[in-house]
Amino acid sequence: TNSTGVATFTSIAPEAGIAYTVSNNGYETQNGTVDVTNQDVTENVSLALTTYDVTFTVANSKGVIPGATIQLDGYDAVTTNASGTATITNVVPANSIGYVVSANGYYNVEGTVDVVDQDVNEPVTMTLITYTVTFNVNDGASPIQGAIVALTGYGESTTNDEGIASFENIIP
């Protein structure tokens, strides 16, 4: 084709159903037929960009996370299903497409994905938001060492010489 996208063939003998193929890197190939009868013919062919699917699988250390939201730059947000997967379709090839994955109770995960010449599977591992609960035990003036502090569902901890007992990885 020339700079305006036109390809011209001359000296074509009249014939019905002449097969053609139009292709270009990064576009879907189009096939068809053209009938050349008693006049010049202009055949308009529209090529669609080649696109791919990006499938995210979202999990934590214990298993998949349904209900996570995935925002891929330039595309509508999707939500993971019961299997922790979500697919964004018709993604145009590009390098380093940014994404953010969010889910209640987890830290957001940001990353990039390269979509070049095939569908992409992107695993994402999320981390639970946890907290530390610290108890400062004293007698009003001085720390008390050796006090036992019990936190329901998280066991017991004994205060140190500064009167402190801590529980880590507390899930809200």
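In this text the structure is predicted, and so the values were computed from the model without any measurement.

Definitions and limits used
Residues numbered from 1 in each chain as written. Predicted model: local features only at pLDDT ≥ 70, side-chain atom pairs only at ≥ 80, totals over all residues. Heavy atoms only, no water. Pairing = 2+ DSSP bridges. Helix = DSSP H or I, 4+ residues; strand = E, 2+ residues; numbered from the N terminus. 1 Å grid on protein atoms, 1.4 Å probe; cavity = no way out; pocket = protein on both sides within 12 Å on 5 of 7 lines; lining within 4 Å. Points joined across faces, edges and corners; volume = space filled by probe spheres on them. Core = buried A, V, L, I, M, F, W, Y, C linked by side-chain atoms within 4.5 Å. Buried < 20%, exposed > 50% of the residue type's maximum accessible area, 1.4 Å probe, protein only. Contact = heavy atoms within 4.5 Å. Phe/Tyr/Trp six-rings, centres within 6.5 Å; stacked < 30°, edge-to-face > 60°.

Participant: So what's going on with the sheet that holds strand β9 (residues 109-115)? Which residues, and what values?
Facilitator: Whether parallel or antiparallel, the strands of a sheet pair through hydrogen bonds between backbone atoms. Taken in spatial order, the four strands line up as β6-β5-β8-β9 in an open sheet, and their pairing is antiparallel. With partners counted over all chains shown, the strands left at the sheet margins are β6 (78-79) and β9, one partner each. Of the strand pairs in this sheet, strand β8 (residues 94-102) and β9 are connected by six bridges, and their pairing is antiparallel. The partner of Val100 across the bridge, within β9, is Glu110.

Participant: Run through the layout of surface pockets, naming residues and quoting values.
Facilitator: In this model, the largest pocket occupies a volume close to 1100 Å³. Along the walls of the largest pocket sit 29 residues, with Ala7, Thr8, Phe9, Val41 and Glu43 positioned nearest its centre. Looking at the lining of the largest pocket, the elements with two or more residues in it are β1 (15-22) and β2 (30-36). With five residues, β1 is the single largest residue contributor to the lining of the largest pocket.

Participant: Any chance you could break down the nonpolar core for me, citing the residues and the numbers?
Facilitator: If you look at the biggest cluster of nonpolar residues, it comprises 23 residues, and the most contacted ones within it are Phe56, Val58, Ile70, Leu72, Val101, Val124 and Met126. Elements supplying a minimum of two residues to this core: β3 (52-60), β5 (69-72), β7 (85-91), β8, β9 and β10 (120-125). Setting aside residues up to four positions removed in sequence, Phe56 forms contacts with Ile70, Leu72, Gly84, Thr85, Ala86, Ile88, Tyr99, Glu122 and Val124.

Participant: Give a detailed account of the packing of aromatic side chains, specifying residues and quantitative values.
Facilitator: What describes a pair of aromatic rings is the distance from one ring centre to the other and the angle between the planes of the rings. Tallying each qualifying case throughout the model produces two aromatic pairs. Note on Phe56 and Tyr99: the rings are 5.0 Å apart at their centroids and 75° apart in plane angle, and the pair reads as edge-to-face. Here Phe56 is found in strand β3, whereas its partner Tyr99 is found in strand β8, with 43 residues between them in sequence. A relative accessible area of 0% means that Phe56 is categorised as buried. Ring centres of Phe135 and Phe167 lie 6.1 Å apart, and the angle between their planes is 85°; this geometry places the pair in the edge-to-face category. One end of the pair, Phe135, is in strand β11 (residues 131-136); the other, Phe167, is in strand β14 (residues 164-170), with 32 residues separating them in the sequence. Looking at Phe135, the relative accessible area reads 29%, which means it is partly exposed. On the basis of relative accessible area, Phe167 is assigned to the buried category, the value being 6%.

Participant: Please give an account of the pairing of β3 that cites residues and values.
Facilitator: The buried fraction of β3 is high, at seven of nine residues. Across five bridges, β3 lies against β7 in antiparallel orientation. Bridge pairing in β7 links Thr57 to Thr85. As paired elements, β3 and β10 share six bridges and run parallel to each other. Its bridge partner being in β10, Val54 is matched across the sheet by Val120.

Participant: How would you sum up unusual backbone geometry? Please name residues and give values.
Facilitator: Peptide bonds are mostly trans, and most non-glycine residues show a negative phi. The phi dihedral of Ser96 is positive, around 55°, even though this residue is not glycine. Checked against the element boundaries, Ser96 lands in strand β8. A positive phi angle, near 60°, is found at Asn169, a position not held by glycine. Looking at where Asn169 falls in the secondary structure, it is placed in strand β14.

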